[in-house]
Number of protein chains: 2
Amino acid sequence: MKLSRYLPVLDWGRRYSRHTLVNDLVAALIVTIMLIPQSLAYAMLAGLPLQVGLYASILPLIVYAVFGTSRTLAVGPVAILSLMTAAAAGRIAEPGSALYIEAALILAILAGVILLVMGVFRMGFLANFLSHPVVSGFITASGLIIAASQLKHIMGVDASGHNLLELLISLGRQLPQIHVPTLAIGGSSLVFLFWARSQLKPLLTRLGLNTRLATIIARAGPVFAVVASILAVALLQLDEVGVRILREVPTDLPRLSVPSLDPAIWQQLIGSAALIALIGFVESVSVAKTLAAKRRQSVDPDQEMIGLGMSSLAAGLSSGYPVTGGLARSAVNFDAGAETPAAGAFTAIGIALATLFLTPFLFFLPQAVLAATIIVAVLSLVDLAAIRQVFVYSRTDFAAMVVTIGLTLAFGVELGVSAGVVLSLVLHLYNTSRPHFARVGIVPGTHHFRNEDRHDVILSKSVLILRVDESLYFANARFLEDMVYQEIHDRPDIRHLVLMCPAVNAIDASALESLEAINLRLKESGIALHLSEVKGPVMDRLERTHFLDELTGRVFLHQYEALEALDPDCAFSARHAPDGRALDYHI
Amino acid sequence: MKLSRYLPVLDWGRRYSRHTLVNDLVAALIVTIMLIPQSLAYAMLAGLPLQVGLYASILPLIVYAVFGTSRTLAVGPVAILSLMTAAAAGRIAEPGSALYIEAALILAILAGVILLVMGVFRMGFLANFLSHPVVSGFITASGLIIAASQLKHIMGVDASGHNLLELLISLGRQLPQIHVPTLAIGGSSLVFLFWARSQLKPLLTRLGLNTRLATIIARAGPVFAVVASILAVALLQLDEVGVRILREVPTDLPRLSVPSLDPAIWQQLIGSAALIALIGFVESVSVAKTLAAKRRQSVDPDQEMIGLGMSSLAAGLSSGYPVTGGLARSAVNFDAGAETPAAGAFTAIGIALATLFLTPFLFFLPQAVLAATIIVAVLSLVDLAAIRQVFVYSRTDFAAMVVTIGLTLAFGVELGVSAGVVLSLVLHLYNTSRPHFARVGIVPGTHHFRNEDRHDVILSKSVLILRVDESLYFANARFLEDMVYQEIHDRPDIRHLVLMCPAVNAIDASALESLEAINLRLKESGIALHLSEVKGPVMDRLERTHFLDELTGRVFLHQYEALEALDPDCAFSARHAPDGRALDYHI
C-alpha cells in the first residue's frame with residue numbers, strides 16, 4: 001500500500017486491460033502528432049537546438065507514467081518554462097552555445113530535485129504562495145512577451161530586446177527589412193491557426209463529425225500548417241529566396257549524460273530553477289486537477305511534485321530541458337480518450353520513432369510556421385478579462401496582479417513573479433494588520449449581537465462590546481492595543497469591555513502580550529476586561545497561561561450571557577423591546 | 001492644528017508653566033548625572049571614541065523635544081543600537097578608524113531618513129512584523145553577547161570573537177593573563193551595581209526615604225561606582241600598575257558635519273540602518289507607550305517615527321551615532337518627575353556643560369567600571385523566563401524565538417533578527433495555509449451549531465455543514481478545495497454542502513476562484529453549495545461578482561435557517577430532542 005503511494009503505476013497497472021490499451025494507444029498517436037511541432041517550436045523559443053525539444057518529450061513522459069498521479073496529464077516542453085529557461089540560461093551564456101545547452105540541463109535537474117525534495121517533505125503548501133492573480137498576471141505577461149519575441153520569425157527579420165518595449169521598438173526598426181515570402185508563409189499560418197482554433201470545430205460539427213473527433217481535429221491545426229508549409233516550401237523552393245527553414249534535425253535518440261558539475265554554475269541557476277519548479281508545478285497541477293475532476297479521479301499534490309520532479313530530472317539527464325504538464329496537450333490527450341498514464345509512455349515511443357524516422361521530412365519546415373504555432377498557443381493564455389474582474393473584486397489582488405504584469409513585461413519573468421509573490425504577502429499582512437473591528441449591540445427581541453453601524457441595535461451605557469474580526473497575531477497586536485485605548489478614551493462611562501471573539505481563530509504570543517497589557521491598563525482605569533465566544537482551540541491555548549487568572553473580568557460562552565451578567569437592565573430592556581426593523585442580510 | 005500634529009512642541013509649549021519648568025529641571029539634572037557614564041559606556045561598546053557618546057546625547061535630545069510625542073521618553077545612545085552599530089561599521093572598517101566613525105554617522109543619518117519616510121507615509125505598521133518573541137529573543141541574545149564582550153574589560157585582557165562561543169573561548173584562553181588590579185575594580189563594581197540594583201532601594205526605604213527618591217538613588221548606582229573608582233584610581237595611582245583608564249576625553253562641543261558621500265559606503269550600510277531604525281523604534285515606542293499609559297497620555301506611533309527619525313538624523317549630522325529612547329533612562333526621567341520633553345532639552349544642556357567642564361575629571365575613570373555598568377544594564381534585559389513561557393504557549397512562536405536567539409548568538413544581530421522575522425511570517429502563513437475546519441451539527445434543543453468532535457450534536461444525513469475557521473486567501477485556497485472534495489468523497493449521501501463562515505473575515509481573488517471551482521465540481525456531482533453567516537464586508541465584496549448568480553445553493557443569514565430549509569426533518573427532531581449534556585466551555 002505504502003509503495004503504491006509513491007509508485008501510482010502499481011495501482012493502475014494492476015487493472016490494465018486490452019480495452020484500456022486500445023484507448024491509450026489512440027490517444028498517444030494523436031498526442032504524438034500534435035507534440036512533434038510543439039516540441040520543436042518550444043525548443044526554438046527556449047533558444048535550444050530543435051532536437052532538445054524532442055528529447056524532452058521522450059524519457060520524461062515515461063518517468064511521469066510511473067510516478068505521476070494524474071491519469072491524463074501530458075508532460076513535455078511548455079511555452080512558459082521555455083521562456084524562463086531562455087531567460088535563465090541567457091544570463092550565463094550565449095544562446096545556442098554549449099554552456100547554454102548545459103545550463104538548460106542543469107535547470108531541469110535542479111528543478112527536478114527541488115520538486116522531489118518538496119514532494120518527499122510534503123512542502124507542497126509552498127506553491128500556495130503563488131496567488132491566483134500573480135499566476136494569472138504572470139502568464140498573461142509571459143504570453144505577450146513570447147508572442148512579441150516570435151514576431152521576428154513571422155517577419156523574417158532579426159530583432160531582440162530584454163523587455164516588451166525593447167522588442168517592439170526593435171521590430172519597428174526592422175519593418176523596412178521585412179522578408180515578404182516569409183511573411184506570406186508566417187502570416188497565412190497565423191490566420192489559418194487562429195481560424196482553426198475558433199471556426200474549425202463548429203464547421204466540422206456541421207459537416208457531421210461527432211464533437212469529440214471535431215475537437216481533436218481542430219486542435220491539430222498546427223499539424224496541417226506544418227505539412228502544408230513543408231510542401232509549399234519544398235515545391236516552390238522558397239528556401240532559395242531566403243525563407244528560413246529547419247534544415248537537418250539530428251536523428252539520434254537522446255543520450256544519458258551528466259552536465260558540468262561546476263558549482264558556480266549550479267549556484268547561479270538555483271534561484272531560477274526554484275521558480276521554474278514552482279511555476280511548472282502550479283500550472284501542471286491545476287490542469288491535472290481540472291481533468292481529474294471531470295472523471296471524478298483525484299490528484300495528490302505531494303505525489304505530483306514527486307512525479308513532475310522525477311520527470312524534470314529525467315529531462316535533465318537525457319539531453320532535454322525543463323518540462324511540466326501542458327494545458328492544450330493534456331486536453332487533447334483527455335479528449336482523445338487516454339485512460340492511464342500509459343498513454344504518455346506510448347507518446348514517448350511515438351516521439352522516439354519520429355525522432356529517428358520523421359525528422360528528415362521536416363527539412364523544409366519554415367521557422368515562421370513554428371513561430372505562428374507558438375503565437376497562437378500563447379495568446380490563448382492571455383486573459384485580459386481577468387484583470388478587470390480582479391480590479392472589481394479586490395484592489396489588493398489587483399495591485400499584486402498589475403505589479404506582476406508590469407514587472408514581467410519590463411524586467412522579465414523572474415523579477416515579475418518574485419515581486420508579485422512578495423507584494424501579495426505584504427499586502428495580505430497589511431490587510432490583516434489593520435483588522436476590522438465592530439462595536440456591537442443587541443438586536444431588540446433577540447439574543448443576537450450586531451454591528452451598530454449596520455443595524456438598529458441597543459447599546460449598553462456601561463458595557464462596551466467590540467467584535468474583533470481577525471485572528472490576533474504579531475502583525476495586528478499593537479493595532480489591537482491602540483484601537484482599544486482609543487475606544488475607551490472616547491467613552492468615559494464604560495466600566496466593562498467585552499472582546500467578542502467568534503472570528504478570532506488564533507492568538508499568538510505577541511497578541512497575548514497585548515491582551516495582558518490591555519488587561520493591566522484597563523485595570524488601572526477601573527475597567528474590567530472580558531472575553532466572549534472564544535473558540536475552542538484558542539481557549540485551549542489560553543488555559544495554558546496565567547492570562548485567565550489575571551484577567552480582571554470573565555470569559556463568557558455566549559455574548560448574551562455577558563450582557564445579562566454585566567448590564568442586566570440593558571439585557572432586560574432589549575428582551576422586551578419591540579422588534580427592530582427586519583434584519584437585512586448583513587451581520 | 002495640522003502643524004501641531006507634526007510639531008507636538010506647539011501643543012505642550014503653549015501650556016508651559018513655572019511649576020512644569022521646576023519639575024523638568026530637576027528631572028533633567030538627575031538624568032544628566034545618570035547619562036554621563038552611560039553615554040561613555042555605550043560609545044565604548046560601539047567601538048567609538050568616548051566623546052561620540054556624549055555628542056549623541058546633545059542635539060538629538062533637543063530635536064526629540066520638538067518633534068517627539070512622548071512626554072517622558074529620554075533619548076540617547078542605548079546598548080542594543082551600540083552593538084548593532086559596532087557590527088555594521090565593523091564590517092566596512094577597523095574599529096576606531098576614521099571610516100569607522102564615519103560609518104556610524106552614516107548609519108545614524110540613514111536610520112533617521114528611513115524613520116522619517118516611514119513616519120511621513122504612515123508606514124509604522126511595518127514595525128509590527130517584529131513579533132514579540134523575535135524582539136524578546138533578539139534582546140536576550142544581544143544582552144548575552146554584549147555582556148560577554150565586556151568581560152575582557154573587567155578581566156583586563158584582550159579578547160575578541162564574532163559570536164558568543166568565539167568570545168567565550170577567547171576569554172578562556174586569556175584567563176592566565178588576568179590583570180588582578182583591574183579585576184578587583186571591575187569585579188567590585190559589578191558586585192556593587194548588582195547589589196544596588198536589587199538591594200539599595202529597599203534599604204533606603206527602610207532608612208526612611210520616600211519611595212520615589214529611593215528609586216532614583218538606587219538607579220544612580222553607576223554614578224557612585226564612577227565617582228568611587230575615579231577616586232580610588234587617582235589616590236592609589238592604579239593606572240601605573242596597568243589599570244586601563246579613559247585618559248583625556250576631548251572637551252569640544254560636537255560640530256555639525258556631513259560624512260562622506262561615497263554611494264558605495266551608503267549602499268553597504270542601508271540594510272543595517274533599516275534594522276537599526278526598526279529595532280530602535282520598536283524598543284522606544286514600547287517604552288514610550290508604557291510610560292504614557294501610566295499618566296493617561298498617548299503616543300502617536302507615526303509621529304514618534306518622525307521624532308526619532310529627526311533625532312537620529314541630528315545625531316548623524318552632529319558627530320554622534322544612532323540613538324533612540326532608552327528604557328532605564330526614561331524610567332528615571334519619569335520617576336524624577338519630568339513633565340514635558342523640555343526635560344530632554346535641559347538634559348542636553350547638562351550634557352553639553354558636562355562635555356565642556358566635567359570630562360577632565362573623568363581622566364582616571366577605569367574602563368572596567370564602564371564595562372561593569374554595561375553588563376549590569378544589559379543582563380537586566382535578558383529574559384530567560386520568557387523563553388519557557390513562549391514554549392508553553394505556542395510552538396510556532398517558540399521556533400521563531402529560538403531561531404532568533406540561536407542565529408543572533410552564532411552569526412550576529414542582523415542575521416538573527418532577519419531570520420526571526422522571515423520565520424515568523426512563513427510560520428504564520430503555514431499555519432493559516434492549513435486552517436482549522438469543523439464539521440458541525442445542531443445542539444439538541446437549541447439553535448446553536450457546534451463542532452461534532454467536541455459536543456453531542458445532531459448531524460443531518462443529507463446536509464454537510466463545514467465551519468471554516470480562517471479567512472480564505474491564496475495561501476489556503478487550494479487546501480479549501482482539497483478538504484471539501486475529501487469530505488464529500490467520504491460521504492456519498494450528501495446532497496447539500498453548507499460552508500459556515502462566521503470566522504471568515506476575508507475572501508480574496510484566489511479563494512473566490514476556488515469557491516467557483518468547488519461550486520462547479522459539486523454541481524457535476526449533484527450537490528448544491530450553500531454559504532451561511534457570511535460577514536457583512538465579505539458579502540459586500542461577493543455581491544460585486546458573478547459568484548452569487550452561479551452559486552447552486554443559497555446564502556443563509558443564520559445556520560439554523562439553512563438547516564430548516566435543507567433538512568426540515570433534522571431541524572424538527574433537533575428542536576424536540578431532549579437537551580444534550582450540558583455544554584462545556586468549548587464552542
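Going along each chain's sequence as written, the residues are numbered from 1 onward. Chains and ligands are labelled by the order in which they are written, letters from A for the one and numbers from 1 for the other. Per-residue local features are limited, in this predicted model, to residues with pLDDT of at least 70; the limit for side-chain atom pairs, both in listing and counting, is 80 or more; totals at the level of whole chains, interfaces and linings are taken over all residues. Side-chain measures were taken over the full set of non-hydrogen atoms in the model, leaving aside hydrogen atoms and water.

Caption draft 1: Quick look at the relation of the copies chain A and chain B. Once chain A has been moved 0.0 Å along the axis and rotated by 179°, it coincides with chain B to within an RMSD of 0.1 Å. Interpreted geometrically, this transformation is the action of a two-fold axis. No C-alpha of chain A approaches the rotation axis more nearly than that of A:Ala503, which lies at 2.0 Å. The contact criterion used throughout is that any non-hydrogen atoms of two residues lie within 4.5 Å. In this assembly, 99% of the residues forming the interface of chain A have copies in chain B that are likewise at the interface, indicating an isologous arrangement. The least-squares superposition of copies is restricted to C-alpha atoms, and to residues with a pLDDT of at least 70 in both copies.

Caption draft 2: Spatial organisation of the packing of aromatic side chains. A pair of aromatic rings is counted whenever rings of Phe, Tyr or Trp (Trp by its six-membered ring) have centres within 6.5 Å, and the orientation is called stacked for planes under 30 degrees apart, edge-to-face for over 60 and tilted otherwise. In the structure shown here, the tally under the stated rule is 12 aromatic pairs over all chains. On the numbers, 4.8 Å between centres and 75° between planes, the contact of A:Phe391 with A:Phe398 is edge-to-face. We call a residue buried when its accessible area falls under 20% of the maximum for its residue type, exposed when it is over 50%, and partly exposed in between, using a 1.4 Å probe and counting protein chains only. The exposure class of A:Phe398 is partly exposed, given its relative accessible area of 22%. Both rings, one in B:Tyr473 and one in B:Phe474, keep their centres 5.0 Å apart while their planes meet at 75°; by these two values the pair is edge-to-face. Judged by relative accessible area, which is 4%, B:Tyr473 ranks as buried. Residue class for B:Phe474 comes out buried when judged on its relative accessible area of 4%. Criterion for a charge above a ring: Arg CZ or Lys NZ at most 6 Å from the ring centre, at most 35 degrees from the ring normal. One Lys or Arg, A:Arg395, reaches over the ring of A:Phe391 and ends 4.4 Å from the middle of that ring. In this arrangement the basic side chain of A:Arg541 is found over the ring face of B:Tyr393, its NZ or CZ atom lying 5.8 Å from the centre.

Caption draft 3: Up close: the interface of chain A and chain B. Of the residues lining the interface, 71 residues belong to chain A; the matching set on chain B comes to 70 residues. Across the chain A/chain B interface, buried area totals approximately 6,400 Å², and carbon plus sulfur atoms make up 58% of it. For this analysis, a salt bridge means a side-chain nitrogen from Lys or Arg found within 4 Å of a carboxyl oxygen belonging to Asp or Glu. Joining chain A to chain B, the criterion identifies 6 salt bridges. For B:Arg454, the salt bridge identified is with A:Asp540, shortest N-O distance 2.9 Å. As used in this structure description, the phrase polar contact means that two N or O atoms lie within 3.5 Å; if the pair is within protein, one of them must be able to donate a hydrogen and the other to accept it, and residues adjacent in sequence are counted only when both atoms belong to side chains. Summed over the shared surface of chain A and chain B, the number is 24 residue pairs in polar contact (both at pLDDT 80 or more). Following the grouping adopted for this structure description, the nonpolar residues are Ala, Val, Leu, Ile, Met, Phe, Trp, Tyr, Cys and Pro, the charged ones are Asp, Glu, Lys and Arg, and the polar ones are all others, Gly among them. Of the residues that constitute the side of chain A that touches chain B, the class distribution is 32 nonpolar, 17 polar and 22 charged. In short, buried area is how much 1.4 Å probe accessible area vanishes from two parts on joining, totalled over both.

Caption draft 4: Representation of unusual backbone geometry within the structure. Even without glycine at this site, A:Glu533 takes up a positive phi of about 55°. Starting at the N terminus, helices and strands are each numbered in turn, a helix being any DSSP run of H or I of at least four residues and a strand any DSSP run of E of at least two. The residue A:Glu533 is located in the loop between β7 (528–532) and α23 (536–542) in this model. Given a relative accessible area of 17%, A:Glu533 falls into the buried group. Non-glycine residue B:Ser319 carries a positive phi angle of around 60°. Note that B:Ser319 resides in the loop between α14 (301–317) and β2 (324–325).

Caption draft 5: How the structure looks around the state of the cysteines. In this description, the term disulfide denotes a pair of cysteine sulfurs within 2.5 Å. Here the structure, examined in full by the defined rule, presents 0 disulfides over all chains. B:Cys501 provides the cysteine sulfur closest to A:Cys501, a residue in no disulfide bond, and the two sulfurs are 19 Å apart.

Caption draft 6: Geometry of a nonpolar patch on the surface. All names here are of chain A. There is a patch of nonpolar side chains on the surface, built from Leu 253, Ile 349, Leu 353, Leu 356 and Phe 357 and spanning about 460 Å² of accessible area. Relative to the helices and strands, Leu 356 is located in helix α16 (residues 342–357). On the accessibility criterion, Leu 356 (32% relative accessible area) is partly exposed. Only residues above 30% relative accessible area that lack a salt bridge enter a patch, with like-charged residues linked at up to 9 Å and the nonpolar side chains Val, Leu, Ile, Met, Phe, Trp and Tyr linked at up to 5 Å. Surface accessibility follows the Shrake-Rupley procedure with a 1.4 Å probe radius. Residue values consider only the protein chains on display as shielding.

Caption draft 7: Focus on the sheet that holds β7(A). Residue and element names in this part refer to chain A. Within the open sheet, the 6 strands sit side by side as β4-β3-β5-β6-β7-β8. Their pairing is mixed. Only two strands of the sheet have a single neighbouring strand rather than two, namely β4 (449–451) and β8 (555–556). Relative to the sheet, helix α21 (residues 474–489) contacts β3 (437–442), β5 (463–468) and β6 (496–500), its axis offset from that of β5 by approximately 155°. To define axes, lines are fitted to C-alpha atoms, for helices over the stretch in contact only, and angles between the resulting N-to-C directions are given on a 0 to 180 degree scale. Where helix α22 (residues 509–524) meets the sheet, its contacts fall on β6 and β7, and the angle it forms with β7 comes to roughly 140°. When DSSP finds two or more bridges between two strands, those strands count as paired.

Caption draft 8: Here's a closer look at the packing of helix α21 (residues 474–489) of chain B against helix α22 (residues 509–524) of chain B. Residue and element names in this part refer to chain B. Packing of α21 against α22 brings their axes to within 8 Å, and their N-to-C directions diverge by 20°. As far as their axial angle goes, α22 and α21 are roughly parallel. Considering only the axes of α21 and α22, their crossing is right-handed. Every residue of α22 that contacts α21 at Phe 474, Ala 477, Arg 478, Leu 480, Glu 481, Val 484, Tyr 485 and Ile 488 is listed here: Ser 510, Ala 511, Ser 514, Leu 515, Ala 517, Ile 518, Arg 521 and Leu 522. Here the contact of α21 with α22 is built from residues that sort into 11 nonpolar, 2 polar and 3 charged. Geometric relationships in this document are graded by angle, where less than 35 degrees denotes roughly parallel, more than 145 denotes roughly antiparallel, 65 to 115 denotes roughly perpendicular, and other angles denote oblique. Here is the rule for handedness: rotate from the far helix to the near one, and if that takes an anticlockwise turn smaller than a right angle the crossing is left-handed, while a clockwise turn gives right-handed.

Caption draft 9: Highlighting helix α18 (residues 384–393) of chain B. Among the residues of α18(B), B:Ala386, B:Ile387, B:Val390 and B:Tyr393 are the ones counted as buried. Projection of α18(B) onto a plane perpendicular to its axis shows the buried side chains occupying an angular sector of 135°, all on one side. Opposite the buried face of α18(B), by more than 90 degrees, sit the exposed residues B:Leu384 and B:Arg388. If you follow the buried residues of α18(B), they end up packed against α22 and α23 of chain A together with α8 (132–155) and α19 (395–411) of chain B. Note: the arc covers the axis-to-C-beta directions of the helix.

Caption draft 10: Examining the pattern of salt bridges more closely. One pass over the full model with this rule turns up 22 salt bridges over all chains. A salt bridge links A:Glu487 to A:Arg491; the nearest nitrogen and oxygen atoms lie 2.5 Å apart. B:Asp11 is paired through a salt bridge with B:Arg15; the nearest N and O atoms lie 3.3 Å apart. Classification of B:Asp11 by relative accessible area gives partly exposed; the value is 29%. Put simply, A:Asp11, A:Arg14 and A:Arg15 are held in one network by salt bridges that share partners.

Caption draft 11: Examining the pairing of strand β6 (residues 496–500) of chain B more closely. All names here are of chain B. Counting buried residues in β6 gives 5 out of 5 residues, a clear majority hidden from the surface. Going residue by residue along β6, you find His 496, Val 498 and Met 500 tucked away on one face and Leu 497 and Leu 499 tucked away on the opposite face as well. Across 5 bridges, the pairing between strand β5 (residues 463–468) and β6 is parallel. By the bridge assignment for β6, Leu 464 is matched with Leu 497. When the strands point away from the viewer, a crossover counts as right-handed if the route from the first strand across the helix to the second turns clockwise. With respect to chirality, the unit in which β5 leads through α21 into the neighbouring parallel β6 is right-handed. Bridge count for β6 against strand β7 (residues 528–532) is 5 bridges, and the pairing is parallel. Along β7, the bridge assignment pairs His 496 with Ala 528. Regarding topology, α22 serves as the crossover connection from β6 to the parallel β7, and that connection is right-handed.

Caption draft 12: Geometry of a positive patch on the surface. A grouping of A:Arg197, A:Lys201, A:Arg219 and A:Lys294 is seen on the molecular surface, where their side chains present a positively charged patch. For A:Lys294, the position within the fold is in helix α13 (residues 263–294). For the charge count, each Lys or Arg is scored as positive and each Asp or Glu as negative, with His and the chain ends excluded. Every charge is mapped onto a representative atom, which is NZ of Lys, CZ of Arg, CG of Asp or CD of Glu.

Caption draft 13: A look at the confidence of the model for chain A. All names here are of chain A. Summing up the model confidence of chain A, the mean pLDDT is 88 and the portion of residues at 70 or higher is 98%. As a per-residue measure, pLDDT tells how confident the predictor is, with possible values from 0 to 100. Summarising per-element confidence for chain A, the mean pLDDT is lowest in helix α1 (residues 2–6) (76) and highest in β7 (96). Here residues 580–587 is a poorly scored stretch, pLDDT under 50, and it has 29 contacts once near neighbours within four places are set aside; other chains count. For this predicted complex, the interface confidence reaches an ipTM of 0.79, while the overall pTM sits at 0.77.

Caption draft 14: The arrangement of the sheet that holds strand β4 (residues 449–451) of chain B in detail. The 6 strands lie next to each other as β4-β3-β5-β6-β7-β8 (chain B), forming an open sheet whose pairing is mixed. Strands with a single pairing partner mark the edges of an open sheet, and in this sheet they are β4 and β8 (555–556) of chain B.

Caption draft 15: Focus on the environment of B:Gly553. Residues and elements named next belong to chain B. Along the chain, the position of Gly 553 falls in the loop between α24 (547–550) and β8. Separated by 158 residues in the primary sequence, Gly 553 and Arg 395 have C-alpha atoms spaced 40 Å apart. The residues touching Gly 553, leaving out its near neighbours within four places in the chain, are Ala 528, Leu 529 and His 530.

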